[in-house]
Amino acid sequence: LVSKPYVEITLNTMRRFGVDVARDGWSRFTIPAASRYVSPREIYVEGDASSASYFLAAGAISGLSGGGPVRVAGVGRASFQGDVRFTEILERMGAKITMGDNWIEAGAGAEAARRGTLKGIAADFNHIPDAAMTAAMAALFADGPSTLRNIGSWRVKETDRIAAMAKELRKLGAVVEEGRDYLRITPPHSSRLTPHAVIDTYDDHRMAMCFSLAALGGVAVRINDPGCVAKTFPEYFDVFAGIAER
């Protein structure tokens, strides 16, 4: 089962509304016939952790040159969403993460800020495939190659994201090895991104949002069809501009 945390969100939400689903591993789910939803009376509606990943990465990346940190409200340690675990990836890459029940703050760790780069990593992203795209962008600012494994589901998203990410990352100067279910990303020499780039988005909202992060590396980046973000985050570029201008 791909993207297990999304199924876990559904099971947790149903439980909060009074319906316990019997689970046989990750292959069979049984709902008792007499189940009825009951109001929990009060519930906190979280923000979208996948969308939060762009701003958390922005805090870590901008911290390499004296900017950041960035705080995101609406998700935190109490979140049911699997993409909150993107913070673990950022920490492995050298980011400093602080977290409350319903907020997360990300900046560059002291060592990363001193070096001016994040750390390259190798990780399995089956559990957070959407946030993995943000990790691919963070890899551009690392001190060596990063390998994103078990992302075969990217092939059947809004576009073939493995092929699309590989093509567009190369425009920024990265060396990219594309496999059936993985990407290996080597940052440009001396971490100097291509100064100008035109990025195609393939009618994919996440392509548009994650490639905006290249601007934090001094790239004059043009995003084709930015309106595709309307699928999940219509105000994305206004919000991004609000932190990028500081």
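Look above for the structure.
Predicted, not measured: the structure shown is a model, and the values here were computed from it.

(A) Spatial organisation of the pairing of strand S8 (residues 175-178). Bridge analysis of S8 against strand S9 (residues 183-186) gives four bridges, and the strand direction is antiparallel. In the strand pairing of S9, Val 176 is matched with Ile 185.

(B) Fine view of the sheet that holds strand S5 (residues 103-108). Ordered by their spatial adjacency, three strands build an open sheet running S3-S5-S4, and the pairing between neighbours is antiparallel. The sheet terminates laterally at strand S3 (70-73) and strand S4 (95-99), the two strands that pair on one side only. Between one strand axis and the next, the sheet turns by 20° as a mean value, whatever way the strands run. Inspection of the sheet shows S3 paired to S5 by four bridges, in the antiparallel sense. Paired with Val 72 across the strands is Ile 104, a residue of S5. Contacting S3, S4 and S5, helix H2 (residues 49-62) crosses the sheet at an angle of about 35° to S5.

(C) Representation of the packing of helix H5 (residues 129-138) against helix H6 (residues 161-171) in the model. Two elements in contact, H5 and H6, have axes whose closest approach is 12 Å; the angle formed by their N-to-C orientations is 15°. One finds that H5 runs roughly parallel with respect to H6. When you trace H5 past H6, the crossing you get is right-handed. Here Asp 130, Met 133, Ala 136 and Met 137 of H5 lie close against H6, whose contacting residues are Arg 161, Met 165 and Leu 169. Broken down by class, the residue content of the contact of H5 with H6 amounts to five nonpolar, no polar and two charged.

(D) Quick look at the packing of H2 against helix H8 (residues 236-244). At a closest axis distance of 12 Å, the pairing of H2 and H8 adopts a crossing angle of 20°. Between H2 and H8, the interaxial angle falls into the category roughly parallel. Classified by chirality, the crossing of H8 by H2 is right-handed. Taken together, the residues of H8 that come into contact with H2 (itself represented by Tyr 54, Phe 55 and Ala 58) are Tyr 236, Val 239, Phe 240 and Ile 243. Per-class residue counts for the contact of H2 with H8 are seven nonpolar, no polar and no charged.

(E) The pattern of salt bridges, seen in detail. Tallied over the entire structure, the rule returns 16 salt bridges. Note that Asp 130 and Arg 161 form a salt bridge whose closest N and O atoms lie 3.2 Å from each other. Of this pair, Asp 130 sits in helix H5 while Arg 161 sits in helix H6; the two residues are 31 residues apart in sequence, bridging distant segments of the chain. Judged on exposure class, the residue Asp 130 and its partner Arg 161 are both buried. For the salt bridge of Lys 231 with Glu 158, the shortest nitrogen-to-oxygen distance reads 2.5 Å.

(F) Structural context of the nonpolar core. By size, the foremost hydrophobic cluster in this structure holds 69 residues, and its most contacted members are Met 137, Met 165, Leu 169 and Phe 211. Sort the elements by how many residues they give to this core and H2 lands first, with nine residues.

(G) Broad picture of the sheet that holds strand S7 (residues 146-149). The four strands lie next to each other as S6-S7-S9-S8, forming an open sheet whose pairing is mixed. Only two strands of the sheet have a single partner each, and these edge strands are strand S6 (122-124) and S8. Between one strand axis and the next, the sheet turns by 10° as a mean value, whatever way the strands run. Lying over the sheet, H6 contacts S8 and S9, oriented at roughly 165° with respect to S8.

Reading the values: the criteria
- Residues numbered from 1 in each chain as written.
- Predicted model: local features only at pLDDT ≥ 70, side-chain atom pairs only at ≥ 80, totals over all residues.
- Heavy atoms only, no water.
- Pairing = 2+ DSSP bridges.
- Helix = DSSP H or I, 4+ residues; strand = E, 2+ residues; numbered from the N terminus.
- Axes fitted to C-alpha atoms, helices over the stretch in contact; angles between N-to-C directions.
- Contact = heavy atoms within 4.5 Å.
- Parallel < 35°, antiparallel > 145°, perpendicular 65-115°, else oblique.
- Left-handed = near helix turned anticlockwise from the far one by under 90°.
- Nonpolar A, V, L, I, M, F, W, Y, C, P; charged D, E, K, R; others polar.
- Salt bridge = Lys/Arg side-chain N within 4 Å of Asp/Glu carboxyl O.
- Buried < 20%, exposed > 50% of the residue type's maximum accessible area, 1.4 Å probe, protein only.
- Core = buried A, V, L, I, M, F, W, Y, C linked by side-chain atoms within 4.5 Å.

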